[in-house]
Amino acid sequence: MPITEAQARSLRVNDTVSLEGTLFGIRDATLIAMFARDRRTRLDLKGHAVIHTAPNVRKVPASPRHPTGYAPVCVGTTTSARMERFTQPLMEREGVRLVIGKGGLAAGSAEAFRKLGGAYLAIIGGTAALETTWIEAIEDVDLDDLNPESLWRFRVRGFGPLLVAMDSHGGSLYDEVDRKARARRANTLSQLGVK
Amino acid sequence: MKVDTKQVEDVARELYVRALKMLPPDIKEGFARLAATETDATAKSVLGTMVANIRVAEDTENLLCQDTGIPIYNVTIGRGVDVEGADLRAAIRRGCERATREHPLRSSVVHPITRKNEHTSCGPGVPPIHFDFSDEPDRLVIEMVPKGSGSENNSWLRMAIPAEGVDAIKTFVVDCVLDAGGKTCPPTIVGVGVGGTSDLCVALAKRAATRPLGTSCPDPEGAALEESLTRAVNTLGVGPQGLGGDSTSFAVHVEVAATHITMNPVAVNMQCHSARRASAAFTPKGVEYGF
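What counts as what
- Residues numbered from 1 in each chain as written.
- Chains lettered and ligands numbered in written order.
- Predicted model: local features only at pLDDT ≥ 70, side-chain atom pairs only at ≥ 80, totals over all residues.
- Helix = DSSP H or I, 4+ residues; strand = E, 2+ residues; numbered from the N terminus.
- Rg over C-alpha atoms; globule rule 2.2 N^0.38 Å.
- Contact = placed C-beta atoms within 7 Å.
- Pairing = 2+ DSSP bridges.
- Axes fitted to C-alpha atoms, helices over the stretch in contact; angles between N-to-C directions.
- Buried ≥ 20, exposed ≤ 12 C-beta atoms within 10 Å, placed from the backbone.
- Right-handed = clockwise from strand over helix to strand, strands pointing away.
- Domains from an automatic or database assignment.
- Nonpolar A, V, L, I, M, F, W, Y, C, P; charged D, E, K, R; others polar.
- Parallel < 35°, antiparallel > 145°, perpendicular 65-115°, else oblique.
- Left-handed = near helix turned anticlockwise from the far one by under 90°.

Comments concerning the overall build of chain B
Moving on, step 1. Scanning chain B from terminus to terminus reveals eight helices and nine strands.
Moving on, step 2. For chain B, whose C-alpha radius of gyration is 19 Å, the value lies close to the compact-globule estimate of 19 Å for 291 residues.
Moving on, step 3. Projecting the C-alpha coordinates of chain B onto the three principal axes gives extents of approximately 50 × 50 × 45 Å.
Moving on, step 4. Summarising the internal contacts of chain B: among those between residues at least 6 apart in sequence, 80% fall at separations of at least 24.

Looking at unusual backbone geometry
Moving on, step 1. Between A:Asn147 and A:Pro148 the backbone carries a cis peptide bond, its omega angle lying at 0°.
Moving on, step 2. Each neighbour pair has its own omega, and for B:His103 with B:Pro104 the value is -10°, a cis peptide bond.
Moving on, step 3. Looking at where B:Pro104 falls in the secondary structure, it is placed in the loop between α4 (85-102) and β2 (129-137).
Moving on, step 4. Positive phi, normally seen in glycine, also occurs at B:Glu61, with a value near 50°.
Moving on, step 5. Position of B:Glu61 among the secondary structure elements: in the loop between α3 (41-60) and β1 (70-79).

What to know about the sheet that holds strand β8 (residues 278-283) of chain B
Residue and element names in this part refer to chain B.
Moving on, step 1. With mixed pairing, five strands are arranged side by side in an open sheet as β2-β1-β3-β8-β9. With partners counted over all chains shown, the strands left at the sheet margins are β2 and β9 (286-290), one partner each. Strand-to-strand, the axes of this sheet are offset by a mean angle of 20°, without reference to chain direction.
Moving on, step 2. Those strands touched by helix α1 (residues 5-21) are β1, β3 (140-147), β8 and β9, and its axis lies near 40° from that of β3.

A look at the pairing of strand β5 (residues 98-101) of chain A
Residues and elements named next belong to chain A.
Moving on, step 1. Side chains Leu 98 and Ile 100 of β5 all project onto a buried face; the interleaved residues Val 99 and Gly 101 project onto the opposite face, where all are buried too.
Moving on, step 2. As judged from the three bridges shared by strand β2 (residues 49-52) and β5, these two strands associate in the parallel manner. Looking at the pairing, Ile 51 lines up with Ile 100 of β5.
Moving on, step 3. Judged from the four bridges that link them, β5 and strand β6 (residues 119-122) form a sheet pairing that is parallel. By the bridge assignment, Leu 98 is partnered in β6 with Ala 119.
Moving on, step 4. Tracing the backbone out of β5, into helix α4 (residues 107-116) and back to the parallel element β6 gives a crossover that is right-handed.

Brief notes about the domain arrangement of chain B
Residue and element names in this part refer to chain B.
Moving on, step 1. Assigned domains within chain B: domain 1 (5-20 + 64-148 + 275-290) and domain 2 (150-271).
Moving on, step 2. Centre-to-centre, using C-alpha coordinates, domain 1 lies 26 Å away from domain 2.
Moving on, step 3. The interface is formed by seven residues belonging to domain 1 together with six residues belonging to domain 2.
Moving on, step 4. Looking at side-chain class alone, the side of domain 1 that touches domain 2 contains three nonpolar, one polar and three charged residues.

A word on the sheet that holds strand β4 (residues 156-160) of chain B
Residue and element names in this part refer to chain B.
Moving on, step 1. In space, the four strands of this open sheet follow the order β4-β7-β5-β6, with mixed pairing throughout. The open sheet is flanked by β4 and β6 (249-257), the only strands paired with a single partner. Adjacent strand axes in the sheet meet at a mean angle of 15°, parallel and antiparallel pairs treated alike.
Moving on, step 2. Looking at chain direction, β4 and strand β7 (residues 264-271) are connected through five bridges and run antiparallel. Paired with Met 159 across the bridge in β7 is Pro 265.
Moving on, step 3. Its contacts with the sheet place helix α6 (residues 165-180) against β4, β5 (188-195), β6 and β7, and it is angled at close to 30° to β7.

Remarks on the packing of helix α2 (residues 25-37) of chain B against α3(B)
When two helices pack together, their arrangement is given by the angle between the helix axes and the distance between those axes.
Residues and elements named next belong to chain B.
Moving on, step 1. Interhelical geometry of α2 versus α3 gives an angle of 155° and a closest axis separation of 10 Å. In terms of orientation, α2 lies roughly antiparallel with respect to α3. With respect to the hand of their crossing, α2 and α3 are arranged in left-handed fashion. Contact residues: Lys 28, Phe 31, Leu 34 and Ala 35 in α2; Lys 44, Leu 47, Met 50, Val 51 and Ile 54 in α3.
Moving on, step 2. By residue class, the composition of the contact of α2 with α3 is seven nonpolar, no polar and two charged.

Rendered as structure tokens:
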């Protein structure tokens, strides 16, 4: 990380990727502050990935290993759908290319991925113990008055493998699954004896 | 049997941490069952990652999921138990706060309007502490359920009318599972409340969702619904994490209560795959931890 627009556009639904280097953690309160209240950050998100998270951290003395005075205890990923409205401004104002989260995003985000060149990578929700082992350190933190929903900068190694679940070409695994599931609804209800 | 409230405070603290780190054996068996019958390749891989996570959590003594949830305590007081109720309730709340401050744990609890986080996992009305009574002599049990919000945000209540009959229940459950999609971190335990008042109906759904796998509804009609709905929900193909597959749900659990002549309430509450639960039993022999 960071990646270019071309690299983001080369990702296709069902590809698997792993991240190396930098990953930013962000969540509801962070995004509300940044975009509904127009707060700015000194951190540079251009070309980077953000993950929807509010990590469990422990306060420690600041050191080269823990420069922010925070050590990661348990870092997992939250439901992305609540933050659907922020994908477009994240990409447009801050230059973000990849959104990592749980459960998918909707049409507005799909359009932002298409127009600006981005993708959604699916984390397996509820696997924080495993995910925490992919995080080497918390390198920086901003908007920390919103703790734990601060803007975090993680250093990551082998973060993944993650499934590309939405791409810049209109592909969405969530739409596919939802469409097929809803098509099965009538049959399922009839099997249950529903008139 | 006299119960020491200081010990209750320590137990309440211990239960929160245990629940977050150790998955109950019935849930692990649920995963083994689903992994054995899953036919979709992506779904198999997703289930595999979930199972790997359980191992890593045990090996690193870490939390299974980062969502420490809303802490819920369910207390069952048996016969001949000598305890001052108000003190018991205060001790549990203190234990919950100490777990959060001392471990430390992420406090996921905020004031609903100011959104201020006191970093204690406590606030007005939280932790919810429920009391029930049993006929078991010399026994007090505290069950702790950290309820994650990914699943909790997918809760519904419908006040159907009697003319719609049981079909209303079946249709509602199927539609809730479709609407939840991947947002609840399937595979889920789908808890269904049938009957009661509106709030009892929702409470029944929560009890159903947090009941151990392998238990059934004490009401025979409810038990029959559990079987048919479990099969039905797993034909929809939502799959683990909503990425497709057979393993949408470990089970559908139902809880039943009587209701009014003109009412037909049905509620759905979901428990995610990180179906965390811990309990402690106070007996004359001491405190025994379990699930």
